[in-house]
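Examining the three-dimensional arrangement
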Amino acid sequence: MSTKKVTIQVTGSGILQDDVIMLGERVLKALKIPSGRPLQLQFGSFRREVTVIPVPRYDGLRINQTVASKTGLVPRSVLSISYRSASRTLRLGPYISVLVSRDYPDQPDRPFGSITMFCQELVNACRKKGAYVSFFTPEDIGAVTGYMKGWVYDDGWKKTVLPIADVVNNRLTSRKLENKPSVQHFMKEVKSLYGTQTFNEKFLDKNEVFDALKSISTLKRVLPESHLLKASAMLKTMCNRYPVVFLKPVRGSLGKGIIRVSRQSDGSFLTLATGVGGTRKQTYASLDKLYASMSGKMKTTRYQIQQGLTLIDNSGRPVDFRALVQKNRTGKWSVTSIVARIAGGSHYVSNLARGGSLSTVKEAVAKTQLSGSAKASAYAGLHTAALDIAKGIEGAIPAHFGELGIDLALDTSGRVWLLEVNSKPSKNDNTPLSESKIRPSVKAMLEYSTYLAGF
């Protein structure tokens, strides 16, 4: 189905009737749109019967002020337009909405806090592509069917009433918000009523990921042994099998609450725990005492116990890798970027929130003790593993994902291991480019959204 780009021009109510739109003659002919007969104009959930009047030597689309206010479109928006003769539907779009955790209406320059730059970048990308984007929070999901409140950019951020979009990118960073009945109802309702596609529908927890991938024979090689910690017997089994194990909150993020357990030569066990003030050390005479010390935490937090790995390091600082894997313009998984993350001086986790730093894969592996051949093949091995893991998750977990942050590691022999998968990869982790450039991650998100919207 062919599309054309048009600039939306809003006219006064007295100039154009509500049920009439004006469209450039060349666009009309190129898309084989009939004039003078009723058609269905569609923008997201907005639908209205209109008659099209052709305008010579004009490439835009003119709509009445009253109609424009019901679409939420800002004047001079550039959008793609397509026509389906079978349903006599004239579609404007693609229209994308991003569901964010919170907004700050009293900060007009930074209404989305730390992700405002990402939001602005997406607006710029949409303008170049001929798409429309809005941003909304769980609080904006309204009682009026087919509409909601949301933010758009028009020489500054403003909040307005909008139709439901063709595509929703779920960027919620809180499980509590995502599990709100109103949010869950909204995502189901818009899919059934308007065919809205929502991607990154849900959070992943660590145990869910490893359990799902265990059944895929081609991925067994990259999976460290992992189990849900339910009893002291499992702790003893793993600590007898491996000199180091990690206890990770199943629903944790940013390296919070991870406990490293190592067996000492005298039979005791040393734990290192990540906390607000840094790393806390503690020694336990036995695993029974260690397990007993965790019983309080385990009433509210489920832990995954995972095999410790002998990973590459830079001058004693552990190194791991974050691969951003996204769906592309044809709906297939592709690797957008892989960066190395080097742990901060006093930490054993590499998250930037814990003082870690970023590097290219090549620079990071160059400073390790890996063999020459392992260094040369490191990027290719990480790239292949990231793609295979994304495809594995899509096949094994019943949810719609459009981007995944996949944390990988290399051991001292150069073997690739999976650490964890994040279905809401941070938009603060990447080094920002200049305002005039669009990051590949933003471009990929827009291209996949365009594909989902059918443009």
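These numbers were taken from a predicted model, which means no experiment stands behind them. (Residues numbered from 1 in each chain as written. Predicted model: local features only at pLDDT ≥ 70, side-chain atom pairs only at ≥ 80, totals over all residues. Heavy atoms only, no water.)

Helices and strands together make up the secondary structure of the chain, namely eleven helices and 25 strands. When the backbone C-alpha atoms are referred to their principal axes, the chain occupies close to 90 × 50 × 40 Å. Counting contacts in the chain only where the partners sit at least 6 residues apart, residues at least 24 apart contribute 66% of the total. In the form shown here, the chain has an accessible surface area of approximately 20,500 Å², with 51% of it arising from carbon and sulfur atoms. (Helix = DSSP H or I, 4+ residues; strand = E, 2+ residues; numbered from the N terminus. Contact = heavy atoms within 4.5 Å. Areas by Shrake-Rupley, 256 points an atom, 1.4 Å probe, with all protein chains shown as cover.)

Hydrogen bonds along the backbone pair up the strands of a sheet, which may run parallel or antiparallel. The mixed closed barrel is built from seven strands, whose spatial order is E1-E5-E2-E4-E3-E7-E6. Looking at each pair of strands side by side, their axes are set apart by 40° on average, direction ignored. Where strand E2 (residues 20-24) lies against strand E4 (residues 46-55), five bridges are found, and the strand directions are parallel. Each bridged residue has a counterpart across the sheet, and for Leu23 the counterpart in E4 is Pro54. (Pairing = 2+ DSSP bridges. Axes fitted to C-alpha atoms, helices over the stretch in contact; angles between N-to-C directions.)

Bringing the sheet that holds strand E16 (residues 259-263) into the picture now. Strand order in the open sheet formed by six strands is E14-E19-E15-E16-E17-E18, and the pairing between neighbours is antiparallel. The open sheet is flanked by strand E14 (226-228) and strand E18 (278-284), the only strands paired with a single partner. Strand after strand, the sheet turns through a mean of 20° between neighbouring axes, direction not considered. In this structure, E14 lies alongside strand E19 (residues 303-307), joined through three bridges in antiparallel fashion. Bridge assignment links Leu228 to a residue of E19, and that residue is Gln304. Running at roughly 125° to E14, helix H6 (residues 206-214) makes contact with E14, strand E15 (244-249) and E19 of the sheet. Contacting E14, E15, E16, strand E17 (269-275) and E19, helix H7 (residues 232-241) runs over the sheet at an angle of about 20° to E19.

Our focus in this paragraph is the nonpolar core. Grouped together as the largest cluster of nonpolar side chains are 42 residues, with contacts concentrated most on Leu23, Ile33, Leu61, Ile81 and Leu92. Per element, the largest residue contribution to this core is four residues, and it comes from helix H5 (residues 181-194). Split by domain, the residues of this core number at least three in each of domain 1 (3-93) and domain 2 (95-199). Among the nonpolar cores identified, the runner-up in size contains 41 residues, and Val222, Ile342, Ala364 and Ile389 belong to it. (Core = buried A, V, L, I, M, F, W, Y, C linked by side-chain atoms within 4.5 Å. Buried < 20%, exposed > 50% of the residue type's maximum accessible area, 1.4 Å probe, protein only. Domains from an automatic or database assignment.)

Next up on the list: the domain arrangement of the chain. You can read the domains of the chain as domain 1 (3-93), domain 2 (95-199), domain 3 (225-307) and domain 4 (311-423). Computed over C-alpha atoms, the centres of domain 1 and domain 3 are 61 Å apart.

What follows concerns H7. Those residues of H7 lying buried are Leu235, Met238 and Cys239. Considered in projection along H7, the buried side chains sweep an arc of 95° and stay on one side of the axis. In this structure, the buried side of H7 is in contact with E14, E15, E16, E17, helix H8 (287-298) and E19. (Arc of directions from axis to C-beta.)

Scanning the model with the defined rule gives zero disulfides in all. The cysteine Cys119 is free of any disulfide, with Cys126 supplying the nearest cysteine sulfur at 11 Å. By relative accessible area, which is 0% here, Cys119 ends up buried. (Disulfide = S-S within 2.5 Å.)

Our next topic: the pattern of salt bridges. Under the definition given, this model contains 21 salt bridges. In this structure, Asp154 and Arg76 form a salt bridge, with 3.5 Å as the shortest nitrogen-oxygen distance. Of this pair, Asp154 sits in the loop between strand E10 (147-153) and strand E11 (157-163) while Arg76 sits in the loop between helix H2 (65-71) and strand E6 (78-84); the two residues are 78 residues apart in sequence, bridging distant segments of the chain. What makes Asp154 partly exposed here is its relative accessible area of 21%. For Asp155, the salt bridge identified is with Arg76, shortest N-O distance 3.7 Å. Taken together, the residues span a long stretch of sequence, with Asp155 in the loop between E10 and E11 and Arg76 in the loop between H2 and E6 at a distance of 79 residues. (Salt bridge = Lys/Arg side-chain N within 4 Å of Asp/Glu carboxyl O.)

This brings us to H6. Where H6 is concerned, the buried positions are Lys206, Asn207, Val209, Phe210, Ala212 and Leu213. Looking at the buried side of H6, the elements it contacts are E14, E15, E19, helix H10 (372-396) and strand E25 (416-422).

Along the chain, Ser359 turns up in strand E23 (residues 357-359). For Ser359, the residues in contact, after removing those within four places along its chain, are Val339, Ala340, Ile342 and Ala364.

The next subject is the packing of aromatic side chains. Enumeration over the complete set of coordinates arrives at eleven aromatic pairs. Where Phe43 meets Tyr132, the ring centres are 5.7 Å apart and the plane angle is 65°; that geometry is what we call edge-to-face. You can see Phe43 sitting in strand E3 (residues 38-43) and its partner Tyr132 sitting in strand E9 (residues 132-136), a full 89 residues away along the chain. Pair check on accessibility: Phe43 and Tyr132 agree, each one buried. Relative to Trp157, the ring of Phe112 has its centre 5.1 Å away and its plane inclined at 90°; by these criteria the two rings are edge-to-face. In this pair, Phe112 is assigned in the loop between strand E8 (95-99) and helix H3 (116-129) and Trp157 in strand E11, connecting sequence segments 45 residues apart. (Phe/Tyr/Trp six-rings, centres within 6.5 Å; stacked < 30°, edge-to-face > 60°.)

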